[in-house]
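A structural walkthrough
Listed below, chain by chain, are the residues.
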Amino acid sequence: MSVVLGPNNYGKSQTHMVRVSRSTDEHELTDLTVSVALAGDLAATHLSGDNSAVLPTDTQKNTVFAFARSGVGAVEEFGLRLARHFVDSQPSITRARVSLAEHGWRHVGPHSFVRSQEGTRTTTVTYDGASVWVVSGITDLMLLSST
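This section reports on the structure supplied with the text. (Residues numbered from 1 in each chain as written. Predicted model: local features only at pLDDT ≥ 70, side-chain atom pairs only at ≥ 80, totals over all residues. Heavy atoms only, no water.)

Describing the overall build of the protein
Where we set the bar: Numbering of helices and strands starts at the N terminus; helices are DSSP runs of H or I of at least 4 residues and strands are runs of E of at least 2. With the radius of gyration taken over C-alpha atoms, the globule rule is written as 2.2 Å times the number of residues to the power 0.38. The cut-offs for exposure are 20% and 50% of the maximum accessible area for each residue type, with area from a 1.4 Å probe on protein chains only; residues under the lower value are buried, those over the upper are exposed, and the others partly exposed. Throughout, a residue-residue contact means that at least one pair of heavy atoms, one from each residue, lies within 4.5 Å. For the accessible areas, the method is Shrake-Rupley and the probe is 1.4 Å, while residue cover comes only from the protein chains on display. For the charge count, each Lys or Arg is scored as positive and each Asp or Glu as negative, with His and the chain ends excluded. Charge coordinates come from a single atom per side chain, which is NZ of Lys, CZ of Arg, CG of Asp or CD of Glu.
Tallying secondary structure elements over the protein gives 3 helices and 5 strands in all. When its helices and strands are written in sequence order, the protein yields β-β-α-α-α-β-β-β. Relative to its length of 147 residues, the protein is extended, with a C-alpha radius of gyration of 18 Å against a globular reference of 15 Å. For the protein, the spread of C-alpha atoms along the principal axes amounts to about 65 × 45 × 25 Å. Scored against the burial criterion, the 147 residues of the protein give a buried share of 31%. Long-range contacts, defined here as pairs at least 24 residues apart, represent 55% of the contacts in the protein between residues at least 6 apart. When the accessible surface of the protein is summed, it comes to about 9100 Å², and 51% of that surface belongs to carbon and sulfur atoms. In the protein, which carries 12 positive and 14 negative side-chain charges, the distance between the mean positions of the two groups comes to 3 Å.

Okay, structure coming up:
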């Protein structure tokens, strides 16, 4: 009987990134939690311990921080930039799935914030080198209609 390695992926989960922009009198805050899952030709990693095709999880985390330095913008666009980078720059990676949660904050002063109660924006971007799939939504949104 022959055993065959099936589809697999690995990545860095729950990278928490907070960016404060001080370019105006009223500071802007971006608060994201980013998870990355990478897939591709990783059979040698699992079958013989050859990690040469693996992009380390610390590198994935540091890439999130490095890309955020130039600005995040819309979370969908930021996720797509990350996914394209991981696939297009790593020969062994053929698919990247980047999941983002954007935690909202509202101003209570020019340099002070309180966590928004209007839910958390979520986005998952999947890129395979040719096609892109983006799914966005809101979690923890509480609405009440009295009529």
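Observations concerning the pairing of strand β3 (residues 93–109)
Our working rule: Strands were regarded as paired on the criterion that DSSP finds at least two bridges between them.
As paired strands, strand β2 (residues 28–40) and β3 are joined by 9 bridges and run antiparallel to one another. Note that in β3 the partner of Leu32 across the bridge is Glu102. Inspection of the sheet shows β3 paired to strand β4 (residues 112–127) by 12 bridges, in the antiparallel sense. When the sheet's bridge partners are listed, His107 is paired in β4 with Phe113.

What to know about the sheet that holds β4
Here is the rule we go by: Between N-to-C directions, angles cover 0 to 180 degrees, with each direction set by a line fitted to C-alpha atoms, over the stretch in contact for helices.
Here 5 strands make up an open sheet; going across it, the order is β1-β2-β3-β4-β5 and the pairing antiparallel. In this open sheet, the two edge strands, each paired with only one partner strand, are β1 (10–21) and β5 (132–139). When the angles between neighbouring strand axes are averaged without regard to direction, this sheet yields 20°. Strand direction decides the pairing type here: β4 and β5, joined by 8 bridges, are antiparallel.

Comments concerning unusual backbone geometry
Of note, Gln14 is a non-glycine position whose phi angle comes to about 60°, a positive value. With respect to the helices, strands and loops of the structure, Gln14 is situated in strand β1. Although it is not a glycine, Asp140 adopts a positive phi angle of roughly 60°. Structurally, Asp140 is set in the segment after β5. Asp140 sits in the exposed class, given a relative accessible area of 62%.

A short note on the pattern of salt bridges
Applicable threshold: For salt bridges, the criterion is a side-chain nitrogen of Lys or Arg within 4 Å of an Asp or Glu carboxyl oxygen.
On inspection of all chains with the given rule, the structure shows 3 salt bridges. In this structure, Arg121 engages Glu76 in a salt bridge whose closest nitrogen and oxygen atoms are separated by 2.7 Å. A residue pair is termed long-range when its members are at least 10 positions apart, and Arg121 in strand β4 and Glu76 in helix α3 (residues 75–89) qualify at 45 residues. Glu102 is the partner of Arg121 in a salt bridge, and the nearest nitrogen-oxygen pair spans 3.1 Å. In this pair, Arg121 sits in strand β4 while Glu102 sits in strand β3, placing the two residues 19 residues apart along the sequence. Given a relative accessible area of 32%, Arg121 falls into the partly exposed group. By relative accessible area, Glu102 is classed as partly exposed at 22%. One salt-bridge network, held together by shared partners, links Glu76, Glu102 and Arg121.

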